[in-house]
Amino acid sequence: MDGIYLDNNATTRVDEAVVAAMLPYFTEQFGNPSSLHSFGNKVGLAVKKARLQVQELLGAEHESEIIFTSCGTESDSTAILSSLKAFPERREIITTTVEHPAVLSLCQYLEKEGYKVHYLKVDGNGRLDLGEYSRLLNERIAIVSVMWANNETGTLFPVMEMAEMAHAAGVLFHTDAVQAVGKMPIDLKNTKIDMLSLSGHKLHAPKGVGVLYLRRGVRFRPLLRGGHQERGRRAGTENTASIIGLGKACELALDAMVFENTEVRRLRDRLEAGILATVPRSFATGDVKNRLPNTSNIAFEFIEGEAILLLLNKFGIAASSGSACTSGSLEPSHVMRAMGIPYTAAHGTIRFSLSRYTTEAEIDRVIQVLPQIVAQLRTLSPYWGENGPVESPEQSFSPVYA
Ligand code: PLP
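The structure reproduced in this document is the subject of the present report. None of the values given here were measured: they were computed from a predicted structure.

**Notes on the sheet that holds strand β3 (residues 92-96)**
Across the sheet, which stays open at both edges, the 7 strands sit in the order β2-β8-β7-β6-β5-β3-β4 with mixed pairing between neighbours. Strands with a single pairing partner mark the edges of an open sheet, and in this sheet they are β2 (66-69) and β4 (116-120). Adjacent strand axes in the sheet meet at a mean angle of 20 degrees, parallel and antiparallel pairs treated alike. Taken together, the 4 bridges between β2 and strand β8 (residues 210-214) define a ladder with antiparallel strand orientation. Across the sheet, the residue bridging to I66 is Y213, located in β8. Sheet contacts for helix α6 (residues 159-168): β4, β5 (141-145) and β6 (172-176); angle to β6, the most-contacted strand, approximately 160 degrees.

Right, dumping it as structure tokens:
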């Protein structure tokens, strides 16, 4: 592969074994799994196998709890909208200020439709206050939707405890686990989580396939109506090749789980320590003690994240920035702002997200080139003088790693 790809929270390379598993389902095995002839039956059996592979990775109790969808966004929308339709007398939602737009934009839309949404705040390290959460839980809440792992910082939320609390209050609990699945062990049958979203392209399966896990017995209303596919819970002819690829990717993720949490974590820590030791005025954001093993989000004060990205790209290094300039907005990421990180640092955040394909040589190359890039950009920064930073009102933020 050309270049150094450290943007795996955006999307991942499809594993070759996944491609191999998929290929026959475009040509020889092209049947519709709903058909009664053998063309259909064979594909139906392969889809069933994929369902079992997803079930196993999630530790779900039963294969019927796995609903194939088109992506993580569809799974999130389905979970939230289903709960609102299933409990029409409940007009309130609890979520967090740092969700992915797949949840946040829907919640903002729902507010316009007259629903009340409670956004839980995070502290300087991206952690939630469960006291505030507990006070908000009551019989007016249709659903709680809280991400398992944050896509920008990798910070993990205590979703198992939060699901227990929701159940004790008689409230459904959904988690957007798009970033968590495949990177950390999950055993849903031993939790009170009612619904969970995942997305194929974050775990080395193709884009355009996802899953909504729906615990047996949870009241549900489909988003798409039409055919009887997915036991009437998601109409539309199945994306069979991608579903089969996702099943294989889940099997591979289970096999790689220890590697992900030892070797990938070790490389992430090496990268982060190497950068923080050599780049002045840089710090890691989020809950560094409690986060995904593959993610490091680092703020480089007084420079623009996008400029860093462009220069990294010249060295063939791909990462991602928390600033949203490319989308036409000068606002830094909502996650950084929610943590109270000042503009002078929030604008300069870079997310490095590794995968099981990342090598030590790649990490060492990044550690080698990044200090020069930052130093070069700081010579252009109005906030950086000959002797380091010049006074600015928002400079005083210092994260506390308690
Ligand atoms: N939720 C989270 C936390 C994500 O990181 C993403 C993708 O970046 C999504 C949802 C959306 O997933 P998809 O691209 O499959 O719609």
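**What about the site of the ligand?**
Neighbouring the ligand are 13 residues, the closest being T73, D176, Q179, S199 and K202. One nitrogen or oxygen atom from the side chain of Q179 is found 2.8 Å from an oxygen atom belonging to the ligand. Measuring from an oxygen atom of the ligand, one finds a side-chain N or O atom of H201 at 3.0 Å. Contact with the protein chains hides 88% of the accessible area of the ligand, taken as 390 Å² for the molecule alone. For the shell around the ligand, the leading source of residues is helix α3 (residues 72-86), giving 3 residues. Within the shell around the ligand, the residues separate by chemical class into 3 nonpolar, 7 polar and 3 charged.

**Focus: the packing of aromatic side chains**
The full count for this structure, using the stated rule, is 3 aromatic pairs. For the pair F302 and Y383, a centre-to-centre distance of 6.4 Å together with 35 degrees between the ring planes defines the contact as tilted. Taken together, the positions of F302 in the loop between β10 (295-300) and α10 (305-314) and Y383 in the loop between α13 (360-378) and β14 (384-385) put the pair 81 residues apart, joining distant regions of the chain. Accessibility expressed as a relative area gives 4% for F302, which makes it buried. With relative accessibility at 38%, the residue Y383 sits in the partly exposed group. Ring geometry for F302 versus W384: centroids 5.7 Å apart, planes at 45 degrees, classification tilted. Of this pair, F302 sits in the loop between β10 and α10 while W384 sits in strand β14, placing them 82 residues apart in sequence. Ring pairing ties together the aromatic residues F302, Y383 and W384, which thus form one cluster. The positively charged end of R13 is found above the aromatic ring belonging to Y357, 5.0 Å away from the centroid. Lying across the ring of W384, R378 places its NZ or CZ 4.3 Å from the centre.

Definitions and cut-offs
The residue numbers shown here count from 1 along each chain, following its written sequence. In keeping with the model being predicted, local features are shown solely for residues with a pLDDT of at least 70 and side-chain atom pairs are shown and tallied solely at 80 or more, while totals for entire chains, interfaces and linings include all residues. The basis for every side-chain value is the complete set of heavy atoms in the structure, and neither hydrogens nor water enter the calculation. Only strands joined by at least two bridges in the DSSP assignment are considered to pair. A helix here means a DSSP run of H or I that spans at least four residues, while a strand means a run of E at least two residues long, and both kinds are numbered starting from the N terminus. Each axis is a line fitted through C-alpha atoms, and for a helix only the stretch in contact is used; angles between axes span 0 to 180 degrees, taken between their N-to-C directions. Every residue pair with non-hydrogen atoms within 4.5 Å of one another is taken to be in contact. Residues are counted as near a molecule or strand when any one of their heavy atoms sits within 4 Å of it. Distance and chemistry together define a polar contact, namely a pair of N or O atoms within 3.5 Å, with one atom able to donate a hydrogen and the other to accept it when in protein, and with adjacent residues in sequence counting only for side-chain atoms on both sides. Note that accessible areas follow from Shrake-Rupley with a 1.4 Å probe, and for residues the cover is restricted to the protein chains shown. Under the grouping applied here, Gly and all other residues not named as nonpolar or charged are polar, the nonpolar ones being Ala, Val, Leu, Ile, Met, Phe, Trp, Tyr, Cys and Pro and the charged ones Asp, Glu, Lys and Arg. Two aromatic rings, drawn from Phe, Tyr or Trp (for Trp, its six-membered ring), form a pair once their centres lie within 6.5 Å of each other, and the interplanar angle then sorts them: stacked below 30 degrees, edge-to-face above 60, tilted otherwise. Buried residues are those whose accessible area, probed at 1.4 Å on protein chains only, stays under 20% of the maximum for their type, while exposed residues exceed 50% and partly exposed ones sit between those limits. Put simply, a charge is over a ring when the Lys NZ or the Arg CZ is close to the ring centre, within 6 Å, and near the line of the ring normal, within 35 degrees.

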